[in-house]
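Fold and contact review
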Amino acid sequence: MKLIIPMAGRGKRLRPQSSVTPKPLLSVRGRSMVERIVAGFTGTLPRPVTECVFILGPSFSREAEPLLTDICARHSILPHFAVQHEALGTAHAVAVAEDHLNGEGIVAYADTVFDMGEPANLADCDVMVWVKHVEDPSRFGVAVREDERVVAFVEKSQELISHEALIGIYYVRDLSVLRSCIQHLFDHNIRGKGGEYYLTDAFDLMLRNGSAVRTTSVRHWLDCGTLDAFMDTTRHLMRTEVTAHPHGALDRSVVIEPVYIGPGARVTDSVVGPYACIEQDAQVTRAVVRDSILFEGAHVSGVVLQSSFVGAHATVAPPSATVNVGDYAEVH
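The sections below set out a description of the structure shown in this document. (Residues numbered from 1 in each chain as written. Predicted model: local features only at pLDDT ≥ 70, side-chain atom pairs only at ≥ 80, totals over all residues. Heavy atoms only, no water.)

Side note on the overall build of the chain
- Tallying secondary structure elements over the chain gives six helices and 28 strands in all.
- Projected onto its principal axes, the C-alpha positions of the chain cover 65 × 40 × 40 Å.
- Within the chain, buried positions represent 53% of all 332 residues.
- Residue pairs at least 24 apart in sequence account for 54% of intrachain contacts in the chain once pairs closer than 6 positions are excluded.
- Surface summary for the chain: the accessible area is close to 14,400 Å², and the carbon and sulfur share equals 49%.
- Each charge class in the chain was averaged separately, 30 positive and 40 negative side chains, and the resulting centres sit 3 Å apart. (Helix = DSSP H or I, 4+ residues; strand = E, 2+ residues; numbered from the N terminus. Buried < 20%, exposed > 50% of the residue type's maximum accessible area, 1.4 Å probe, protein only. Contact = heavy atoms within 4.5 Å. Areas by Shrake-Rupley, 256 points an atom, 1.4 Å probe, with all protein chains shown as cover. Lys, Arg positive; Asp, Glu negative; His and termini not counted. Charge placed at Lys NZ, Arg CZ, Asp CG, Glu CD.)

Regarding the sheet that holds strand β24 (residues 304-306)
- Spatially, four strands are ordered β15-β18-β21-β24 in an open sheet, and the strand pairing comes out parallel. Of all the strands in the sheet, the pair left with one neighbour each is β15 (254-255) and β24.
- Summarising the sheet, β15 and strand β18 (residues 271-272) pair through two bridges and their orientation is parallel. Residue pairing in the sheet places Val 254 in a bridge with Val 271 of β18. (Pairing = 2+ DSSP bridges.)

Some points on the side chain of His 80
- Examined against the element boundaries, His 80 turns out to sit in strand β5 (residues 78-83).
- If sequence neighbours within four positions are ignored, His 80 has contacts with Glu 51, Cys 52, Val 53, Phe 54 and His 100.

Some words on the packing of helix α4 (residues 175-187) against helix α5 (residues 199-208)
- For the pair α4 and α5, the least separation of the axes is 9 Å and the interaxial angle reads 115 degrees. Our classification of the angle between α4 and α5 gives roughly perpendicular. Crossing geometry of α4 relative to α5 is assigned as right-handed. Residues Val 177, Leu 178, Cys 181, Ile 182, His 184 and Leu 185 of α4 form the contact with α5, whose own contacting residues are Leu 199, Asp 201, Ala 202, Phe 203, Leu 205 and Met 206.
- For the contact of α4 with α5, the per-class residue count stands at ten nonpolar, one polar and one charged. (Axes fitted to C-alpha atoms, helices over the stretch in contact; angles between N-to-C directions. Parallel < 35°, antiparallel > 145°, perpendicular 65-115°, else oblique. Left-handed = near helix turned anticlockwise from the far one by under 90°. Nonpolar A, V, L, I, M, F, W, Y, C, P; charged D, E, K, R; others polar.)

Some thoughts on the pairing of strand β9 (residues 141-146)
- Direction of pairing for β9 relative to strand β10 (residues 149-155): antiparallel, over a ladder of six bridges. In the sheet register, Ala 143 faces β10, and the bridge partner there is Phe 153.
- Linkage of β9 to β10, two consecutive antiparallel strands, is achieved through a turn of two residues, within which Asp 147 is found at a positive phi near 60 degrees.

Regarding α4
- Taking 1.5 Å per residue, 13 residues should reach 18 Å; α4 reaches 18 Å between its end C-alpha atoms and fits that length.
- Regarding α4, the residues found buried are Leu 175, Leu 178, Cys 181, Ile 182 and Leu 185. Projected down its long axis, α4 carries its buried residues within an arc of 120 degrees, all on one side.
- Lining the buried residues of α4 we find β1 (2-6), α3 (90-95), β6 (105-108), β11 (164-172) and α5.
- Positive phi shows up at Asn 189, right after α4, with a value of about 50 degrees. (Expected span 1.5 Å × (residues − 1). Arc of directions from axis to C-beta.)

Observations regarding the packing of aromatic side chains
- By the definition in use, this model includes five aromatic pairs.
- Residues Phe 54 and Phe 81 carry aromatic rings whose centres are separated by 5.8 Å and whose planes lie at 25 degrees to one another, so their mutual orientation is stacked. One end of the pair, Phe 54, is in strand β4 (residues 51-56); the other, Phe 81, is in strand β5, and 27 residues separate them in sequence.
- A residue is classified by how much of its surface remains accessible, and Phe 54, at 0% relative accessible area, is buried.
- Owing to a relative accessible area of 26%, Phe 81 belongs among the partly exposed residues under this scheme.
- Centre to centre, the rings of Phe 230 and Phe 295 are 5.9 Å apart; their planes meet at 55 degrees, and the pair counts as tilted. Note that Phe 230 is positioned in helix α6 (residues 227-240) and Phe 295 in the loop between β22 (292-294) and β23 (299-301), a separation of 65 residues in sequence.
- Put simply, the rings of Tyr 109, Tyr 170 and Phe 203 touch in pairs and so form one group of aromatic residues. (Phe/Tyr/Trp six-rings, centres within 6.5 Å; stacked < 30°, edge-to-face > 60°.)

Below, the structure is given as structure tokens:
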């Protein structure tokens, strides 16, 4: 089983947090988005994932490859890498991994966190599409039904034709069939909004060509595409994921749950929480931190922080109160 992860986008809606660190490598309560995706398929598929193909952007392929290789090593998966040099859409992103598009596999976007719940039953289908009911599906592709039968996949329809949003996880029994459908989009210049080639259209073509398609739902689908959504997802995970606490050092300080304190982090003479996420090696000294995320190696002192993001290895000191600063910034 192969896992194909398109992750070439820079995540403009998450800036400044994604200005230096690629969006899928941002930590969400202790683990990067992409590692959560890789780990999410452990035990939820009838066959283990043995290979993973990461589709990277040209500006961060070198910095990302060692981190992604380590993630695969932790899960006994063989890593491969492909680079999408031009942003021409989700179908184009998958197509750059053409050398690996054979056999069965999963395609999963790298900007959401999900809980699949029960193990997936992949029998008797050529394509399995994971969906979630949403009230406003205009930002997503959707599965369109007649009675119980899926009859079309449509990308970002402004007309309400379905509440079943495609969450960006697809099982394909034969990836070479998906590859040929993507090539059909290229050959006939079938593009969607913004002039891009959409993976949704490739799956719609597979459906129209007679592939057996089924859908299934997830227990939780948590968006990380904007700063507000990223914070909401982090809050949810702090409420629902239970680990031994604290991981880091806690000196003369008060913790108001839920709180996450990562390995190597140190909280001294401070009050943290509720909803303080303090990632690995971050430092909090003589401060109050609530409803905020401090990324790896961040350092705050002498401040009261609320509704804030402090980037990796950034420093925040008085008089700041609510901040959103990227990696390596200094705010005094």
